[in-house]
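Results of the structural survey
Spelled out from the first residue to the last, the chains are:
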Amino acid sequence: METETLDQDKTLRRSEERSKELEAQIAKDPSAFRLLTGDRPTGRLHIGHYFGSLTNRVRLQNLGIETFLIVADYQVIYDRDGVDGLKDNVINMLADYLAAGIDPHRTVIFTHSAVTALNQLLLPFLALVTDAELRRNPTVKDELATLNRPMSGLMLTFPVHQAADILFCKANLVPVGKDQLPHIEQTRVIARRFDERYGRVDPSRPVFPQADALLSRSGTILGLDGQKMSKSRGNTIELGMTADQTAKLLKRAVTDSDRRITFDPENRPEVSNLVNIAALCLGRDPEGVAAEIGDGGGGGLKQLATAAVNDHLAEHRARRAELVANPDHLWQVLRDGNERANEVAEATLAEVRQAMSMDY
Ligand code: TRP
C-alpha cells in the first residue's frame, strides 16, 4: 500500500514537471498539438469544472490548438443502472461549453456513442492489456471503494475505452485532473504495445502517438461543506444556478467560529475554500481577499463570495440561458461534431486495419 502511494506521488510530480515543459512548447508551437479531453455527463457542470477545466480548455483552444471535446456518454453507465437524465445533462453540458467560449468552428464536440469506429478500437486495445493491469488502476479502485455494488465489466475496462477516446483522433495532449493520470498512462502503454505488435503503416511514425497529460494549474475546489464536490451532497455551485440559488447555497456553506478570515487551506479548509472561490472569481490572490474581509467573519466572507461568484458568472449564465432556449441549435452543434469525429475515426480505423492485416 505504502509503495503504491509513493509511486503515485512520483507520477504526480513527474506529470507536474512535464506539464510545465508542455506549456513552454505550446507557447512556442501550438500547431504541434492535438488536444482531446472531456467529461462524463453524469450531472451539471459546476464551478469546480469551470475553474479546473473549462476556462483552461478555452485558453488552449484560443491559442490555436486543434481541440476535440468528448461528452463521454458511455462512461455514464459503468457504475450505475440506467441513464436517468442523460439527455438533459448532455444538452446542459453543450450549453456550458459554448457559453464558456468553446467555439464549435474550432473545437469538435462529440459524444463517443455516436462514433462507431472509435468504439471498434476497443477490441484490438483490449488484447493489449491484462486483467491484472486493469485491476491495479488506482482511480478505478478508489471509485469501486465508494460504490456499493460489484465492479461491472465496463468499469474495469473503461480506461481502455478512454484510450480509444484519446487515440481515435491521435491526440497528444490531454488536459485532465490528477485522478485521470492512470488512464493516460494506460493509453501510452496501449499505443506503445500496438506499435510493438503490429508495426506501422507509415514507417516514419507509429500509428498512435504518445499522449501527455496536461495538469490544470488551479488547485482543487472543494464542495461548500469542505468535502469533495458531489451532486448527491448538494455542495456544488452549478453554473446554471440563478443568483438567488447561489446565494442560498452559499449561506449554508460551512465556515468556523474564528471571525478573522485567513487563507490557510491546511488548517481552515472550508474558510479557505470560500476565499479561494472568491479570489478566482475576482482574479485576485486569496491572501489579499482574506485580508480585505479581515474580522468580517463567516458572514462577511459569504457575502463577498456570493457577490464575486454571481458577478463573475453573470455573463456565462446569460449566454447559457439563451443557448438552452434554442435546443435545436445545440443538437445541431453536436451532430456536426459527431460527423467530423466519425470521419477522423474512420481514417484511424482504416490505418489500424492495415497495420493488423485486416484490410481485405
Ligand atoms: N473520465 C473522464 C472524467 O471522468 C472523462 C473522459 C472520458 C475523458 N474520456 C476522456 C477525459 C478522454 C480525457 C480524455 O472526467
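Quantities reported herein were computed from a predicted structural model and do not represent experimental measurements.

Conventions used here
- Residues numbered from 1 in each chain as written.
- Predicted model: local features only at pLDDT ≥ 70, side-chain atom pairs only at ≥ 80, totals over all residues.
- Heavy atoms only, no water.
- Helix = DSSP H or I, 4+ residues; strand = E, 2+ residues; numbered from the N terminus.
- Rg over C-alpha atoms; globule rule 2.2 N^0.38 Å.
- Buried < 20%, exposed > 50% of the residue type's maximum accessible area, 1.4 Å probe, protein only.
- Areas by Shrake-Rupley, 256 points an atom, 1.4 Å probe, with all protein chains shown as cover.
- Lys, Arg positive; Asp, Glu negative; His and termini not counted.
- Charge placed at Lys NZ, Arg CZ, Asp CG, Glu CD.
- Axes fitted to C-alpha atoms, helices over the stretch in contact; angles between N-to-C directions.
- Parallel < 35°, antiparallel > 145°, perpendicular 65-115°, else oblique.
- Contact = heavy atoms within 4.5 Å.
- Nonpolar A, V, L, I, M, F, W, Y, C, P; charged D, E, K, R; others polar.
- Domains from an automatic or database assignment.
- Buried area = accessible area lost by both parts, 1.4 Å probe.
- Near = heavy atom within 4 Å.
- Polar contact = N/O pair within 3.5 Å; in protein donor to acceptor, adjacent residues only side chain to side chain.
- Patch = residues over 30% accessible without salt bridge, like charges linked within 9 Å, V, L, I, M, F, W, Y side chains within 5 Å.
- Salt bridge = Lys/Arg side-chain N within 4 Å of Asp/Glu carboxyl O.
- Phe/Tyr/Trp six-rings, centres within 6.5 Å; stacked < 30°, edge-to-face > 60°.
- Pairing = 2+ DSSP bridges.
- Right-handed = clockwise from strand over helix to strand, strands pointing away.
- Arc of directions from axis to C-beta.

Some thoughts on the overall build of the chain
For the chain, the count of helices and strands is 14 helices and 5 strands. The globule rule puts the C-alpha radius of gyration for 360 residues at 21 Å, and the 21 Å found for the chain is close to it. Projected onto its principal axes, the C-alpha positions of the chain cover 75 × 50 × 45 Å. The 360 residues of the chain split such that 48% are buried. Accessible area of the chain: about 17,600 Å², with a carbon and sulfur share of 51%. Put simply, the chain has 44 plus and 51 minus side-chain charges, and the middle of one group is 1 Å from the middle of the other.

Quick notes on the packing of helix 2 (residues 47-62) against helix 13 (residues 297-324)
Each pair of packed helices can be described by the angle between their axes along with the distance between the axes. The N-to-C vectors of helix 2 and helix 13 enclose an angle of 75 degrees; their axes lie 13 Å apart at closest approach. With respect to their mutual orientation, helix 2 and helix 13 come out roughly perpendicular. Here helix 2 contributes Ile-47, Tyr-50 and Phe-51 to the contact with helix 13, which in turn contributes Val-309, His-312, Leu-313 and His-316. Tallied by class, residues from the contact of helix 2 with helix 13 come to 5 nonpolar, 2 polar and no charged.

Quick look at the domain arrangement of the chain
Splitting the chain by domain gives domain 1 (2-219 + 327-355) and domain 2 (231-324). Computed over C-alpha atoms, the centres of domain 1 and domain 2 are 30 Å apart. Listed by partner, the interface residues are 18 residues for domain 1 and 16 residues for domain 2. Summing both sides of the interface, domain 1 and domain 2 together bury roughly 1,500 Å²; the carbon and sulfur share of this comes to 67%.

Concerning the site of the ligand
Near the ligand you find Leu-36, Thr-37, Gly-38, Arg-40, Ala-72, Gln-75, Gln-162, Asp-165, Ile-166, Val-174, Val-176 and Gln-180, and these make up its full shell. Within the side chain of Gln-75, a nitrogen or oxygen atom sits 2.9 Å from a nitrogen atom of the ligand. Within the side chain of Gln-180, one N or O atom sits 3.0 Å away from a nitrogen atom of the ligand. When the free accessible area of the ligand is taken as 360 Å², the share hidden by the protein chains comes to 87%.

Digging into a nonpolar patch on the surface
Residues Tyr-74, Ile-77, Val-83 and Leu-154 make up a contiguous nonpolar surface patch of about 310 Å² in total accessible area. Tracing the sequence through the fold places Ile-77 in the loop between strand 2 (66-71) and helix 3 (86-100).

Quick word on the packing of aromatic side chains
Per the stated rule, a full pass over the model turns up 7 aromatic pairs. On the numbers, 5.9 Å between centres and 90 degrees between planes, the contact of Phe-68 with Phe-168 is edge-to-face. Remark: Phe-168 occurs in the loop between helix 8 (153-167) and strand 4 (173-176) and Phe-68 occurs in strand 2; sequence separation between them is 100 residues. Considering the side-chain rings of Phe-125 and Phe-208, the 5.4 Å spacing of their centres and the 80 degrees angle between planes classify their relative orientation as edge-to-face. Linking Phe-125 in helix 5 (residues 122-126) with Phe-208 in the loop between helix 9 (181-198) and strand 5 (212-215), this pair joins segments that are 83 residues apart in sequence.

Overview of the pairing of strand 5
Burial along strand 5 is two-sided: Asp-212 and Leu-214 facing one way and Ala-213 and Leu-215 facing the other are all buried. As paired strands, strand 4 and strand 5 are joined by 4 bridges and run parallel to one another. Its bridge partner being in strand 5, Val-176 is matched across the sheet by Leu-215. Tracing the backbone out of strand 4, into helix 9 and back to the parallel element strand 5 gives a crossover that is right-handed.

As for helix 10 (residues 243-251)
Three- or four-residue spacings in an α-helix give side chains the same orientation, since the helix completes a turn every 3.6 residues. Among all positions of helix 10, only Thr-246, Leu-249 and Leu-250 are buried. Down the axis of helix 10, the sector holding all buried residues measures 95 degrees, keeping them to one side. Away from its buried face, by an angle of more than 90 degrees, helix 10 presents the exposed residues Asp-244, Lys-248 and Lys-251. Contacts made by the buried residues of helix 10 are with helix 11 (269-282) and helix 13.

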